[in-house]
Amino acid sequence: MEHPCDVSTKKLSILNSSGEKLAGILHDTGSKDLVILCHGLTASKDFRLLVSLAKTLSNAGLSTFRFDFSGNGESEGKFEFGNYSKEISDLHDVVLYWMQEGRLIKAILGHSKGGSTVLLYASKFKEVNMIINASGRLDLRTGLDKLFNKDFLDKIEAGPLILKNSLGNVFHVTREDLMQRLSIDVVAAVQTIPKEIRVLSVHGSEDELVDVENAIQCDSLIANHTLQIIQGADHLFSRHEEEFSEIVKKFVFDEV
C-alpha cells in the first residue's frame, strides 16, 4: 500500500575512494530506509526507468538515492568500459556513506551493466541483504557483437572502439577496457552469494540486448533468488515501466 508523503529532492556528491566526486540525487521521504539505484553502460542517474522507480518507491514511503558511477553522467573520473571492479568500489563507498549517515540500506538495484555490478557486489560485500538485478548479464563475453561490429577484435588492435548512447554522447573503449571485461566471471561470483541475501532478477522476455536466459540462469545459480519475467518488455522496459516498478516495490516490501 502506498503512503503519499512529502518528498524532498536534494542533489549531492559523495567522495569515492579514488578522491572523485560521485553525483547523486536523494529523494528523502523522512524514512531511514534507503534504496540505492544504479544505472547501466553509458547511462546515468537520470535514466528514465530509475527516475520512474524512485517516484514509485517514494510514494510508498521509501527514500531513494540514484547516482552516477565515476566517469559517467555528472560524476568525476574517466569512463571505462570494463571497470566493474571500480563500479563495485564506487557502490561500496556510497553504501558506507549512507550507513554512516544513519540510513538503513533496504535494497540495491542495478540495471543492465548495473545489474551485473550489483550481483558482483553481493558476492563480495554482505552489508545489504536485498539485491535487485534488472536486465543484467551473466556471461560478459557475450553481447559484444551487438555493441560493436562483429570484427571488433580486429578493429580494437588499431585503436579504441566507439560507443554512442541514446543522447549521442561518444565513449571510447580501449583494448585494456575490453580485456578487463572479458576477465570477469559473473557466473562463478553469483554462486557465492549467501542465502541470507535475497536476490530478485527482473527481465523482459523481448530484451534485444541481454537475452532473458541470463535471468533464468540466475534462478538456477543463486541460493535465494526470485525470478520475474515481464512478457513483451524490452531491455529498457520502455512500455512496461509501471509494471517493473510495481514488481520491485512488492519485492522490497516482502510481498513476493
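See the structure printed just above.
Just so it is clear, the structure is predicted and the values come from calculations on it, not from any experiment. (Residues numbered from 1 in each chain as written. Predicted model: local features only at pLDDT ≥ 70, side-chain atom pairs only at ≥ 80, totals over all residues. Heavy atoms only, no water.)

**Description of the packing of helix H1 (residues 48-59) against helix H9 (residues 241-252)**
H9 packs onto H1 with a crossing angle of 50° between their chain directions and a minimal axis gap of 9 Å. Relative to H9, the element H1 is oriented oblique. As H1 runs across H9, the sense of the crossing is right-handed. When H1 is examined against H9, the residues Arg-48, Leu-49, Ser-52, Leu-53, Thr-56 and Leu-57 are found in contact with a partner set consisting of Glu-241, Phe-244, Ser-245, Glu-246, Val-248 and Lys-249. (Axes fitted to C-alpha atoms, helices over the stretch in contact; angles between N-to-C directions. Helix = DSSP H or I, 4+ residues; strand = E, 2+ residues; numbered from the N terminus. Parallel < 35°, antiparallel > 145°, perpendicular 65-115°, else oblique. Left-handed = near helix turned anticlockwise from the far one by under 90°. Contact = heavy atoms within 4.5 Å.)

**A short note on the packing of helix H2 (residues 84-100) against helix H3 (residues 113-124)**
Where H2 meets H3, the axes come as close as 9 Å, and the angle between the chain directions of the two elements is 70°. In terms of axis orientation, H2 runs roughly perpendicular to H3. Remark: the crossing between H2 and H3 carries right-handed chirality. Of the residues in H3, those touching H2 at Tyr-84, Glu-87, Ile-88, Leu-91, His-92 and Val-95 are Lys-113, Ser-116, Thr-117, Val-118, Leu-120, Tyr-121 and Lys-124.

**Side note on the sheet that holds strand S4 (residues 63-67)**
A sheet is described by the order of its strands in space; here eight strands give the open sequence S1-S2-S4-S3-S5-S6-S9-S10, paired in mixed fashion. Of all the strands in the sheet, just strand S1 (8-15) and strand S10 (225-230) have a single pairing partner and so form its edges. Across the sheet, the mean angle from the axis of one strand to that of its neighbour is 20°, orientation sign disregarded. The pairing of strand S2 (residues 21-28) with S4 spans four bridges and is classified as antiparallel. Pairing of Gly-24 across the sheet is with Phe-67, part of S4. (Pairing = 2+ DSSP bridges.)

**A closer look at the nonpolar core**
One finds Ile-36, Phe-65, Phe-67, Leu-91, Trp-98 and Ile-108 to be the most contacted residues of the largest nonpolar core, which totals 37 residues. Broken down by element, the residue count for this core peaks at six residues, all from H2. In this view, Leu-91 contacts Ile-36, Cys-38, Phe-67, Phe-69, Ile-108, Val-118 and Tyr-121; residues no more than four positions away in its chain are not counted. Leu-49, Leu-53, Ile-132 and Phe-237 belong to the second largest nonpolar core, which has 24 residues in total. (Core = buried A, V, L, I, M, F, W, Y, C linked by side-chain atoms within 4.5 Å. Buried < 20%, exposed > 50% of the residue type's maximum accessible area, 1.4 Å probe, protein only.)

**A short note on the pairing of strand S9 (residues 198-204)**
Buried residues dominate S9, accounting for seven of its seven residues. Covered by surrounding structure in S9 are Arg-198, Leu-200, Val-202 and Gly-204 together with Val-199, Ser-201 and His-203, the residues of both alternating faces. Of the pairings in the sheet, the one linking strand S6 (residues 130-134) to S9 comprises five bridges and is parallel in character. Looking at the pairing, Asn-133 lines up with Ser-201 of S9. Across six bridges, the pairing between S9 and S10 is parallel. When the bridges of S10 are listed, Val-202 appears paired with Gln-228. Handedness of the crossover joining S9 and S10 through helix H8 (residues 213-221) is recorded here as right-handed. (Right-handed = clockwise from strand over helix to strand, strands pointing away.)

**What about the state of the cysteines?**
Inspection of the entire model under this criterion finds zero disulfides. Not engaged in a disulfide, the cysteine Cys-38 finds its nearest cysteine sulfur in Cys-218; these two sulfurs lie 16 Å apart. The class of Cys-38 is buried, set by a relative accessible area of 0%. By relative accessible area, Cys-218 is classed as buried at 0%. (Disulfide = S-S within 2.5 Å.)

Limitation: the analysis is restricted to geometry and does not speak to function.
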